[in-house]
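In case you want the letters, here they are:
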Amino acid sequence: MAGLSEYTLITPTAGISVDAHGGRAKCLQRLVRLDMPVPRTLALSFDVVAGIAAGAMPDTSAIMREFAEGALISVRPSSEDPDWGGPRAVLNIGMNDERHAQFVEQEGRASANALYLRFIHAYAIYVARLDPDMFEDISIHAGDPDGDKALKDALQAYEDETDEVFPQDPARQLGEVLRSMARVWTGTTARLLRSAKGAPENAGLGLVVQEMALGISGGVSGSGVIQFVDSQTGLPQVTGRYKSQSQGRDALAGKDNVMFLNKDPRGTSLQSLLPDQFDQLLKDGELMRRRLREEMQIEFTIEEGVLSILDAVRVQRSARAALRIVVDLARDGVISREEALTRLNPHSLTELLHPQVDPSVKRDTIARGIGASPGAAIGKIVFSATAAQHAAAKGESVILLRRETSPEDIRGMHASVAVVTEKGGMTSHAAVIARGLGLPCIVGAHGLKINTRKKTLVTDDKRHFSEGDELTVDGSLGEVLAGPAKLLDAALDDAFTTLLDWADDVRDIDVRANADTPSDALTARRFAAQGIGLCRTEHMFFEDDRLTVMREMIFADGAEDRRTALDRLMPMQRADFQELFEIMKGQSVCIRLFDPPLHEFLPSTREGTLELAEGLDLPVSTVTARIAALTEFNPMLGMRGVRLGITIPEIYDMQARAIFEAAVEVTKRGDIVVPEIMIPLVSAQKEAELVRSRIDAVAAAVRYVEGVDFTYRLGVMVETPRAALRAGDIALNSDFLSFGTNDLTQMTYGLSRDDAARFMSEYVKQGVFAEDPFHVLDTDGVGELLMIGAERGRAARPQVVLSICGEHGGNPESIAFCRQAGFDYVSCSPYRVPVARLAAAQLAVADGLKLRTITGSK
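S.K.: How do you make sense of the overall build of the chain when you look at a structure like this?
M.R.: When helices and strands are counted, the chain shows 35 helices and 30 strands. Each of the 858 residues in the chain was classed as buried or not, and the buried ones make up 55%. Summarising the internal contacts of the chain: among those between residues at least 6 apart in sequence, 67% fall at separations of at least 24. A total accessible area of about 36800 Å² is found for the chain, and carbon and sulfur atoms account for 49% of it. Each charge sign in the chain was given a centre, from 94 positive and 121 negative side chains, and these centres are 3 Å apart.

Take a look at the structure:
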């Protein structure tokens, strides 16, 4: 029989598979196996549909003969993943003048006209590709209650536009529908849309052809949609709509004759009118949950009391609902904990850690950019760090707008609830700092002009906003909204905690946090980080009282004057470290010694230079000359990191003393602290030797003065290619090697991450780079240096601890690489710790499944 190769009748034993017929066809087969009332359905495979697109049509007359004589049918798409979408479903195929006359006799003129009119509209717009505007005014209305005129006008409009009468042969109708849907799938627009959702280039489309269960008879016959959890929260809740005299998903879009499903004081309910059918839907929903192991939304009709289930799809869900659903499924024994861990995209957790714009509200978007740090916030706009601090001191929520940020803006960022910049990419200064602080951030914003001098923001459509005006920043979607939008609170509930506890039970690599402040450390603890993997001490020097002393140190004439200034900073540093140690309660804290070039602490404007000269009681010319003397052609490759520590050793001496005294004080109170001290930007073994000798001397002095013994670990931040290549030598003087992949990527590529945004998207688009290497770890190039460094470091010193602490530390792809390379931990910004914990667990689960497959064990 020719039809056997062209279509498959969906039965319990039919050869239906997701990768050959799509998810919808397979789901319908599962419903048939559960003995649910699914109308007769045929499945067309990916290969058949691809053939249709190429002109090889199936025998549509044979397909029509598979259904009852005179039956109307529908065609729906069936892709491998429902999220990839597909062409619109077409209902009521087979409707023609003859069938219309029969329906007039059986169901009445109004119902028959409505069926025919619906099919004409769908066929004309989605199959014949006529202008939808032609049918905009053709509808059933009060002046034409039965729809006679509307039907006549629709048929005439079709004939006028196509020069032929509306097709009357059901087999021809079906053939044209199949051809149109197949060709839509292969079109450029459809390919781009599904590619954006992760579909492969050769993704196939199946089609399901199903006999219609109409729901148009008298009384309460109709159609509806029901689900059993809330799509926003994931909590149990019967929700949906039912509409009498309707088809498909009309109940969700319509207003007339719509009723609630369960009893509701706001109106009539299906439960009260048809209690038996309602109870059956509840039972069917629970059976689907148990046997399909998923929360499903059911599309159904009721025709003269007879329930038919037309389709079932995964409930559409927010990130917070997705988490709640998988946790509840695991708690109820429907799926295992391991499977619950694998069902979520780790990146989706970032939406749960911050407030989000309510997806149900209308958005007044005034600008778009790169969503560099997720979450949403409402605040008054300000244009300088100083204005942000002043407003925050008065208890106001502010959004900091800058063309781009610099280290001088860090205090303003701390005082803000969100940050927007015109320039920058995912690894720009604003993006990195905002992610660390957990601030919603948009960089590379377009559609606006920021004028910091006039304190105005002007959009492309000429809307003007001034300092103090209120905006909303959606860092998740990268959109700036006018005015205050409705926000949803962060979803750090019991389901969130439970899932991550399960993740911790199976993962095999530690996760620490990058934390520079007590606030960061508290966030790290809240998200169960296993210590601090990177504390950047330079951020502690930008407070007003410290910045002045820091500048005095920079302008000191000699070592003794520098020590005098640093002695004033030392108690402040000691207090910083003591608070960090107290918050972390004995967990590891890795403190990176001073790293940036000194010019970052000096003003860049004439006004700032004048203010500094007044503060230091020096001539402006002297201050200007000193700033010029510290200026470097390429400061990020100049006098910074260990080079400062060797040439101006008083800085590292002060920091080491502050660390040790803080550790001693906290240890006296009961928490044993073993501080980890990290030397930045090392390239040679001798650098590590010189710094270690001085720090050992400081440790000995503190032990003598305090009368308390203590231990510490000294390590190196591997940020240069040479350090990775010479890791065997460097490891001899190091307890740990922490790979700083931000700078290592810059130096490997010879590329500034702050400038890369100008051309990176074009490079990725043209395939020069598969991904932005500052966003996704380059496992081939930079990764090879990591592997070399790890192998040589461990060969020279087997017990050396290995980690990465750059921006890549929270990426699932980087964690996979680190596990494979034998690293002990990854460290990332506090708000990426949950992502890293889940990603690490998923990798461990996947390895366990592979092992069980290889060994044949359960």
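Right, picking up where we left off after that structure.
S.K.: Explanation requested: the pattern of salt bridges in the structure shown.
M.R.: Two side chains with opposite charge may pair up if their charged atoms get near one another. Here the structure, examined in full by the defined rule, presents 60 salt bridges. Among the ionic pairs, Arg172 bridges to Glu164, the shortest N-O distance being 3.1 Å. Of the residues examined, Arg172 reaches a relative accessible area of 36% and is grouped as partly exposed. Given the relative accessible area of 31%, Glu164 is considered partly exposed. Of the charged contacts in the structure, one is a salt bridge between Arg640 and Asp595, with a shortest N-O distance of 2.8 Å. With Arg640 in the loop between α24 (620-630) and α25 (642-647) and Asp595 in the loop between β25 (589-592) and α23 (606-616), this pair connects stretches of sequence that are 45 residues apart.

S.K.: Is there a simple way to think about the sheet that holds strand β13 (residues 376-382) in this case?
M.R.: Sheet strands pair via backbone hydrogen bonds, and the direction of the pair is either parallel or antiparallel. Spatially, the seven strands close up into a barrel ordered β12-β16-β15-β14-β13-β20-β21, and their pairing is mixed. Along the sheet, successive strands turn relative to each other by an average axial angle of 40°, direction set aside. Where β13 lies against strand β14 (residues 398-402), three bridges are found, and the strand directions are parallel. Bridging from a neighbouring strand, Val382 pairs with Leu400 of β14. This element, helix α18 (residues 429-437), spans β12 (365-373), β15 (418-421) and β16 (441-446) of the sheet and lies at about 155° to β16.

S.K.: Just checking my understanding: could you explain the packing of helix α30 (residues 741-749) against helix α33 (residues 782-796) for this structure?
M.R.: Axis angle and axis distance: for two packed helices, these are the angle between their axes and the distance between the axes, and together they describe the pair. With their axes 10 Å apart at the nearest point, α30 and α33 run at an angle of 115° to one another. Judged by the twist between their axes, the crossing of α30 over α33 is right-handed. The segment α30 lies against α33, with Thr741, Leu744, Thr745, Thr748 and Tyr749 engaging Val782, Leu785 and Leu786. Of the residues that constitute the contact of α30 with α33, the class distribution is five nonpolar, three polar and no charged.

S.K.: So what exactly am I meant to see when it comes to helix α27 (residues 685-706) here?
M.R.: Every α-helical turn comprises 3.6 residues, leaving residues that sit three or four positions apart pointing alike. Given a rise of 1.5 Å per residue, 22 residues ought to cover 32 Å, and the 31 Å separating the end C-alpha atoms of α27 matches this to within 8%. Inspection of α27 places Glu687, Ala688, Val691, Arg692, Ile695, Val698, Ala699 and Val702 among the buried residues, and these make up the whole buried set. In a view along the axis of α27, the buried residues occupy a sector of 130°, so they form one face of it. Along α27, the residues that are exposed and aim more than 90 degrees away from the buried face are Lys686 and Tyr704. Where α27 is buried, its residues touch α25, α26 (649-668), β26 (676-679) and β27 (713-718). Residue Gly707 follows α27 closely and has a positive phi angle near 70°.

S.K.: Explain the nonpolar core here, please?
M.R.: The tendency in soluble globular proteins is for nonpolar side chains to be buried as a group. With 128 residues, the main nonpolar core has Phe581, Phe660 and Leu737 as its most contacted residues. Top element by residues in this core is α26. It accounts for eleven residues. Those residues in contact with Phe581 that sit more than four places away from it in its chain are Gly586, Val589, Ile591, Ile659, Ala662, Ala663, Val666, Val673 and Pro675. The next biggest cluster of nonpolar side chains, apart from the first, holds 56 residues, and it includes Ile52, Phe67, Val75 and Leu174.

S.K.: Before we go on, may I ask you to explain the packing of aromatic side chains in this structure?
M.R.: Ring pairs (aromatic) are described by centroid distance and by the angle formed between their planes. Overall, the coordinates contain 17 aromatic pairs when judged by the stated rule. Relative to Phe166, the ring of Tyr116 has its centre 6.2 Å away and its plane inclined at 75°; by these criteria the two rings are edge-to-face. Residue Tyr116 is found in helix α7 (residues 109-126), and its partner Phe166 is found in the loop between α8 (148-162) and α9 (170-186); the two are separated by 50 residues along the sequence. The pair formed by Tyr116 and Phe166 is uniform in burial state, with each residue classed as buried. Relative to Phe166, the ring of Tyr123 lies with its centre 5.3 Å away and its plane at 70°, an arrangement referred to as edge-to-face. Here Tyr123, found in helix α7, pairs with Phe166, found in the loop between α8 and α9; they are 43 residues apart in sequence, far enough to count as distant.

S.K.: So what exactly am I meant to see when it comes to the state of the cysteines here?
M.R.: Simply put, disulfide is the name for a covalent bond between the sulfur atoms of two cysteines. Taken as a whole, this structure holds zero disulfides when the rule is applied. With no disulfide of its own, Cys441 has Cys828 as its nearest cysteine by sulfur position, at a separation of 18 Å. Given a relative accessible area of 0%, Cys441 falls into the buried group. The closest cysteine sulfur to the non-disulfide-bonded Cys590 is located on Cys805, 7.1 Å from its own sulfur. Of the residues examined, Cys590 reaches a relative accessible area of 0% and is grouped as buried.

Procedures and definitions
Position numbers for residues count from 1 along each chain, tracking the sequence in the order it is written. Given that the model is predicted, a residue must reach a pLDDT of at least 70 before its local features are reported, and side-chain atom pairs must reach 80 or more before they are shown or counted; all residues, however, enter totals for whole chains, interfaces and linings. With hydrogens and water set aside, each side-chain value is computed from the structure's full complement of heavy atoms. Working definition: helices are DSSP H or I runs of at least four residues, strands are E runs of at least two. Numbering for both runs from the N terminus. When accessible area is computed with a 1.4 Å probe and restricted to protein chains, residues below 20% of their type maximum are described as buried, those above 50% as exposed, and intermediate ones as partly exposed. In this analysis, two residues are considered to be in contact whenever any of their non-hydrogen atoms come within 4.5 Å of each other. Values of accessible area rely on a 1.4 Å probe in the Shrake-Rupley scheme; residue burial ignores everything except the protein chains shown. Counting rule for charge: Lys and Arg are taken as positive, Asp and Glu as negative, and neither His nor the chain ends is counted. Charged side chains are reduced to one point each, which is NZ for Lys, CZ for Arg, CG for Asp and CD for Glu. Just to be clear on terms, a salt bridge is a Lys or Arg side-chain nitrogen sitting within 4 Å of an Asp or Glu carboxyl oxygen. Here, any two strands with at least 2 DSSP bridges between them count as paired. Between the N-to-C directions of two axes lies an angle of 0 to 180 degrees, each axis being a line fitted to C-alpha atoms and, for a helix, fitted only over the stretch in contact. Crossings are classed by handedness, with left-handed meaning an anticlockwise turn of the near helix from the far one by less than a right angle and right-handed meaning a clockwise turn. Throughout, the ten residues Ala, Val, Leu, Ile, Met, Phe, Trp, Tyr, Cys and Pro are labelled nonpolar, Asp, Glu, Lys and Arg are labelled charged, and all others, Gly among them, are labelled polar. A helix's residues, less one, multiplied by 1.5 Å, set its expected span. As used here, the arc belongs to the directions running from the helix axis to the C-beta atoms. By convention a nonpolar core is built from buried Ala, Val, Leu, Ile, Met, Phe, Trp, Tyr and Cys residues, the set being connected through side-chain atoms within 4.5 Å. Stacked, tilted and edge-to-face pairs are distinguished by plane angle, under 30 degrees for stacked and over 60 for edge-to-face with tilted covering the rest, among Phe, Tyr and Trp rings (Trp via its six-membered ring) whose centres lie within 6.5 Å. Note that a disulfide, as used here, is simply two cysteine sulfur atoms within 2.5 Å.

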